[in-house]
Amino acid sequence: MSIDRESIESNLRLHVDRLAGLIGPRTLSQPKTIQATIGYIEGQWSEMGLIHTRECYDADGDEATNLIVERHGTKRADEIVLLGAHYDTVYCTPGADDNASAVAVLLEVSRLLREHTGKRTARFVAFACEEPPYFNLDSMGSQHHARQSRGRGDNIVGMLCLEMVGYYSLAKGSQTVPPGIPKWMHRFFPQRGNFLAAVGNLPSWKLCWRFRRGFKRGTRRLPLFSICLPEKIHEIRLSDNSSFWDQGYPALMLTDTSFLRNPNYHQATDTPDTLDYPRMTEVTLGVASAMRKLLG
């Protein structure tokens, strides 16, 4: 199958421009921005012919909405592979990398897989309320979805969390190591911010291994640094993946490592022109390939 990288890159640029350029900061305190974001994501999925649903819940007195697309599998339809990304921002940033980049990849992976039917069920989720003041609280969109999934008895065999996937640098020293990592381990970590990281907790090691194999099938152009660490290293719990760990599900955070690399994190300077769209294209191809492998 031929790969049209130009079309994928063009679509990624469009998504980020619409979310971070046209709409800008996306918070429940500015309801119009959230409604515009929901409308954009739903509109994209509708154009792909994908049926979406809304999962609405109360977030500290305001209505929040997760957006879901699900494609049922064949032989193992009860087993679910979930790809998710949060669409909100903190109030002070247009949020190009955090997290329009991830929503853009979520949309393009769902586009690439829209005609793929695997043995397992594919679930794509755009989460509300990952950022403060909701972070680490029950009102996070991913916390709500993970709790609901556990309550229903959903068998989520793997959750992939897209969290800031658009900022890259080839400069030596552009990549820093999480403060929680012991100094003797620093030499095993990259010094250049030119890679995507796949980070799991220790129980997610099998998912991490399978993801890595699938990702490498999809692209050889972008380095992947995959690792599983104890949850006491708190930096690995800073996104929606931790909501699924709390419910006993295996999950990975797929990330450009956020503030460990990107100086625009939670700043007004997190704008569409700071992202590396050719590398985001490789992220898209790698994640789509990994999803195919995980779905069977």
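By convention here, each chain's residues receive numbers from 1 onward along its written sequence. Side-chain atom pairs in this predicted model are given and counted only at pLDDT of 80 or more, local residue features only at pLDDT of at least 70, and totals for whole chains, interfaces and linings cover all residues. Note that the side-chain values use all heavy atoms of the structure and ignore hydrogens as well as water.

For the bond from Asp98 to Asn99, the omega torsion is 15 degrees, close enough to zero to count as cis. Each neighbour pair has its own omega, and for Pro132 with Pro133 the value is 10 degrees, a cis peptide bond. A run of H or I in DSSP becomes a helix once it reaches four residues, and a run of E becomes a strand once it reaches two; helices and strands are each numbered from the N terminus. Tracing the chain through its elements places Pro133 in the loop between strand E4 (120-127) and helix H4 (141-152). Residues other than glycine seldom take positive phi values, yet Cys129 does so here, at roughly 55 degrees. With respect to the element layout, Cys129 can be found in the loop between E4 and H4. With a phi angle near 85 degrees, Thr257 is a residue other than glycine that sits in the positive phi range.

This paragraph deals with empty space enclosed by the protein. Sizing a probe to match a water molecule and rolling it over the atoms shows the empty space that remains. Detection works on a 1 Å grid of protein atoms alone, calling trapped sets that fit a 1.4 Å probe cavities and calling open sets with protein on both sides within 12 Å along at least five of seven lines pockets, with lining residues defined by an atom within 4 Å of a point. Grid points are joined across faces, edges and corners, and a volume is the space filled by probe spheres set on the points. Summed over all chains, the structure comprises 1 cavity of 30 Å³ or more. There is about 50 Å³ of room inside the largest cavity. Along the walls of the largest cavity sit Arg71, His72, Leu113, His116, Thr117, Gly118, Arg120, Ala122, Phe124 and Leu295, which together make up its complete lining. At 3 residues, E4 tops the list of elements feeding residues into the lining of the largest cavity.

Another point: the layout of surface pockets. Roughly 420 Å³ of volume is contained in the largest pocket. Considering the residues around the largest pocket, the lining is formed by 30 residues, among which Glu235, Met253, Thr255, Thr257 and Leu260 are closest to the centre. Secondary-structure elements contributing two or more residues to the lining of the largest pocket are strand E6 (196-201), strand E7 (224-229) and strand E8 (251-255). In terms of residues, the lining of the largest pocket owes the most to one element, E7, which gives 3 residues. All residues other than Ala, Val, Leu, Ile, Met, Phe, Trp, Tyr, Cys, Pro, Asp, Glu, Lys and Arg, Gly among them, are scored as polar; the first ten of these are nonpolar and the last four charged. In terms of residue class, the lining of the largest pocket is made up of 19 nonpolar, 6 polar and 5 charged.

Okay, the pattern of salt bridges next. Here, a salt bridge means any Lys or Arg side-chain nitrogen found within 4 Å of an Asp or Glu carboxyl oxygen. Applying the stated criterion across every chain yields a total of 13 salt bridges. Among the ionic pairs, Glu70 bridges to Arg123, the shortest N-O distance being 2.5 Å. Taken together, the positions of Glu70 in strand E2 (residues 62-71) and Arg123 in strand E4 put the pair 53 residues apart, joining distant regions of the chain. Linking Glu231 and Arg237 is a salt bridge whose minimum nitrogen-to-oxygen distance equals 2.5 Å. Overall, the relative accessible area of 32% leaves Glu231 in the partly exposed class. Counted as one network, the salt bridges with shared partners bring together Glu70, Arg123, Arg152 and Asp154. Summary of the burial criterion: residues with accessible area below 20% of their type's maximum are buried, those above 50% are exposed, and those between are partly exposed, where the area comes from a 1.4 Å probe applied to protein chains only.

The next point concerns the packing of aromatic side chains. Only Phe, Tyr and Trp rings take part, Trp by its six-membered ring, and two of them pair if their centres are within 6.5 Å. Stacked means planes under 30 degrees apart, edge-to-face means over 60, and tilted covers everything else. Summed over all chains, the structure comprises 6 aromatic pairs. Their ring planes at 55 degrees and their centres at 6.1 Å tell us that Phe127 and Phe244 sit as a pair that is tilted. You can see Phe127 sitting in strand E4 and its partner Phe244 sitting in helix H6 (residues 241-246), a full 117 residues away along the chain. For Phe244, a relative accessible area of 0% puts it in the buried group. With a centroid separation of 5.3 Å and 55 degrees between ring planes, the pair formed by Phe189 and Phe225 is classed as tilted.

Once that is clear, we can look at the UniProt feature "domain: Peptidase M28" (unreviewed entry) in the protein chain. UniProt positions are given in the numbering used here, feature names are shortened, and annotations may be inferred rather than shown by experiment. The UniProt record annotates "domain: Peptidase M28" (unreviewed entry) at residues 66-174. For the annotated span residues 66-174, helix accounts for 27% and strand for 31% of the residues, and the straight-line distance between the end C-alpha atoms is 34 Å.

Right, let's get into the environment of Ser10. On the secondary structure map, Ser10 appears in helix H1 (residues 5-23). When its relative accessible area of 45% is taken as the criterion, Ser10 is described as partly exposed. The spacing of Ser10 and Val109 is 99 residues in sequence and 14 Å in space, taken between C-alpha atoms.

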